[in-house]
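Each chain, written out:
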Amino acid sequence: MQQVIRNALTLAAIGATTLSGHLAADSKTVSLTLPSVTVYGKAEVQLAHTDKGLLRYTKEGSQLDTPFSRLGIRGEQVLNEHITAFFNYEVEVRGFDEANTLSPFSARNTFVGIKGQFGQLIAGRNDTRLKTSEGGVDQFNETSGDIAQILPGQDRLGDSLTYISPSVAGWTLSASYVLGQDNELQQGKDGVALSLAYGDRTLKAQPYYITLTRAQSLNGLDATRILWQQKLGDFTLGSLLQYSEQSEGERKGTGGYLSLQYAVGDWRPKLQLGRDTSAIRQQTAANHYTAGVDYLFNSQSKAYFFVTQLALTDETDTSIALGLQYRF
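The text that follows walks through the structure, step by step, so that each part is easy to find. What you see is a predicted model, and the numbers here were worked out from it, not measured in a lab.

A word on the overall build of the protein
And then number 1: From N to C terminus, the protein includes two helices and 17 strands.
And then number 2: Restricting to contacts in the protein with at least 6 residues of sequence separation, those with at least 24 account for 52%.

Regarding the pairing of strand β15 (residues 286-296)
And then number 1: Across 10 bridges, strand β14 (residues 267-276) lies against β15 in antiparallel orientation. Bridged to Arg-268 within β15 is Asp-294.
And then number 2: Relative to strand β16 (residues 301-311), β15 runs antiparallel, the two sharing 10 bridges. Its bridge partner being in β16, Leu-296 is matched across the sheet by Lys-302.
And then number 3: Connecting β15 to the antiparallel partner β16 that follows it, the hairpin turn spans four residues.

What to know about the pattern of salt bridges
And then number 1: One pass over the structure, following the stated rule, counts 12 salt bridges.
And then number 2: Put simply, Arg-108 and Glu-142 hold a salt bridge, and the shortest N to O gap is 3.2 Å. In this pair, Arg-108 sits in strand β5 (residues 105-116) while Glu-142 sits in the loop between α2 (129-132) and β7 (156-164), placing the two residues 34 residues apart along the sequence.
And then number 3: Here Glu-248 makes a salt bridge to Lys-189, at a shortest N to O gap of 2.5 Å. Residue Glu-248 is located in the loop between β12 (235-246) and β13 (252-262), and its partner Lys-189 is located in the loop between β8 (171-178) and β9 (191-199); the two are separated by 59 residues in the primary sequence.
And then number 4: Take Glu-248: its relative accessible area is 43%, and that puts it in the partly exposed class.
And then number 5: A single network of salt bridges, built from pairs that share partners, joins Lys-42, Glu-44, Arg-70, Glu-90, Arg-108 and Glu-142.

What about the side chain of Thr-66?
And then number 1: Residue placement: Thr-66 occurs in the loop between β2 (61-65) and β3 (70-78).
And then number 2: Owing to a relative accessible area of 7%, Thr-66 belongs among the buried residues under this scheme.
And then number 3: With residues up to four places along the chain from it excluded, the contact list for Thr-66 reads Glu-44, Val-93, Arg-94 and Phe-96.

Focus on the nonpolar core
And then number 1: Counting 14 residues, the largest nonpolar core has Leu-240 and Leu-310 as its most contacted members.
And then number 2: With residues near it in sequence (within four places) discarded, Leu-310 still touches Leu-54, Leu-55, Ile-150, Gln-282, Ala-286, Asn-287, His-288, Glu-315, Thr-316 and Asp-317.
And then number 3: Listed in part, the eight residues of the second largest apolar core include Leu-130, Ala-193, Leu-218 and Leu-221.

Things to note about the packing of aromatic side chains
And then number 1: On inspection of all chains with the given rule, the structure shows 11 aromatic pairs.
And then number 2: Centroid distance Phe-87 to Tyr-89: 5.5 Å. Interplanar angle 35°. Geometry classified as tilted.
And then number 3: Overall, Phe-87 belongs to the partly exposed group, its relative accessible area being 22%.
And then number 4: Taking 4.6 Å as the distance between ring centres and 35° as the angle between the ring planes, the aromatic pair formed by Trp-171 and Tyr-198 counts as tilted. Of the two residues, Trp-171 is situated in strand β8 and Tyr-198 in strand β9; the sequence distance between them amounts to 27 residues.
And then number 5: Accessibility expressed as a relative area gives 26% for Tyr-198, which makes it partly exposed.
And then number 6: Each member of the aromatic cluster is reached from another via a ring pair, and the members are Phe-140, Tyr-304 and Phe-306.
And then number 7: The ring centre of Tyr-40 lies 3.8 Å from the NZ or CZ of Arg-74, which sits over that ring.

A short note on the pairing of β12
And then number 1: Pairing of strand β11 (residues 221-232) with β12 involves 12 bridges; the strand directions are antiparallel. Across the sheet, the residue bridging to Ala-223 is Ser-244, located in β12.
And then number 2: Counted along the chain from β11 to the antiparallel partner β12, the turn is two residues long, and its residue Gly-233 has a positive phi close to 65°.
And then number 3: Two elements, β12 and β13, share 11 bridges in a ladder whose sense is antiparallel. Across the sheet, Thr-236 pairs through a bridge with Gln-261, a residue of β13.
And then number 4: Joining the antiparallel neighbours β12 and β13 is a turn of five residues.

Focus on unusual backbone geometry
The phi angle of most residues is negative, glycine excepted, and most peptide bonds adopt the trans form.
And then number 1: With a phi angle near 55°, Asp-159 is a residue other than glycine that sits in the positive phi range.
And then number 2: Along the chain, Asp-159 turns up in strand β7.
And then number 3: In this model, Ala-169 sits at a positive phi of 55°, which is unusual for a non-glycine residue.
And then number 4: Within the fold, Ala-169 resides in the loop between β7 and β8.

Some details on the side chain of Asp-65
And then number 1: Along the chain, Asp-65 falls in strand β2.
And then number 2: Apart from the residues lying within four places of it in its own chain, the contact partners of Asp-65 are Glu-44, Val-45, Gln-46 and Phe-96.

Cut-offs used in this document
Residues numbered from 1 in each chain as written. Predicted model: local features only at pLDDT ≥ 70, side-chain atom pairs only at ≥ 80, totals over all residues. Heavy atoms only, no water. Helix = DSSP H or I, 4+ residues; strand = E, 2+ residues; numbered from the N terminus. Contact = heavy atoms within 4.5 Å. Pairing = 2+ DSSP bridges. Salt bridge = Lys/Arg side-chain N within 4 Å of Asp/Glu carboxyl O. Buried < 20%, exposed > 50% of the residue type's maximum accessible area, 1.4 Å probe, protein only. Core = buried A, V, L, I, M, F, W, Y, C linked by side-chain atoms within 4.5 Å. Phe/Tyr/Trp six-rings, centres within 6.5 Å; stacked < 30°, edge-to-face > 60°. Lys NZ or Arg CZ within 6 Å of the ring centre and 35° of its normal.

The structure is reproduced here in structure tokens:
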């Protein structure tokens, strides 16, 4: 066996030498551009106590969790002077609970696309344009204080096409088209969302961000959303108003959130108030109140504490959480 391995290695070395000689002799006919690839993710640990477990993403009692921790790979390859191809493969990683040992991964944004002066065209599983139109208004994103507790439309859907236009004088147009054949809530109907945005979502190039979004038959939802976010000195204010209606059903109503964050040194105290009357996400009209504070170690790491309460028509639920988050 060792002799076979040595012979194989010898042949491989001879082949590599011969190939490099041919490439050197005819370098004009061989051109290879390697794609740029980046590994990214979020590692988070949270200790929480919840009274009843009515809140989404929680259980009754105390729990140690990794809320929406994830690992992803993204990359791109220049195809020619006009078009660049790119990809994104991302999974949620959960393994703290014994129940997750057999299924520690679940799909998140997983897609391929092309981009150029025409904008971006994406195919695969992706956040809908209704979901992304929230901007940074949600100050407790991916926790039990998330606006998805009571507000419908915060969906990541497969079998979707996404288009994002170039920015023109601060305006950006984007659209989602979701094939309904594999989506039970859409009952075979294709869904669409169209969003118009103005300003800067990160509030860095411009201190404001405004969106107007309309969704039709998107995961069983028809909705219109208006969002405004503004940075004023050390304060960041946000408001979101949404009218929601079931595509195939009778439930409908108005919902929205107000959020406020204040920057003082490395501390970020924040407050968020929400209400929804559609009873689509919850079974009744609901109010949602959250207050907390982040401590920023650096641009990638933070510790946080918050208290959130969900108030339904006949009962309430409260959750307290302490966590540590690292993004890479």
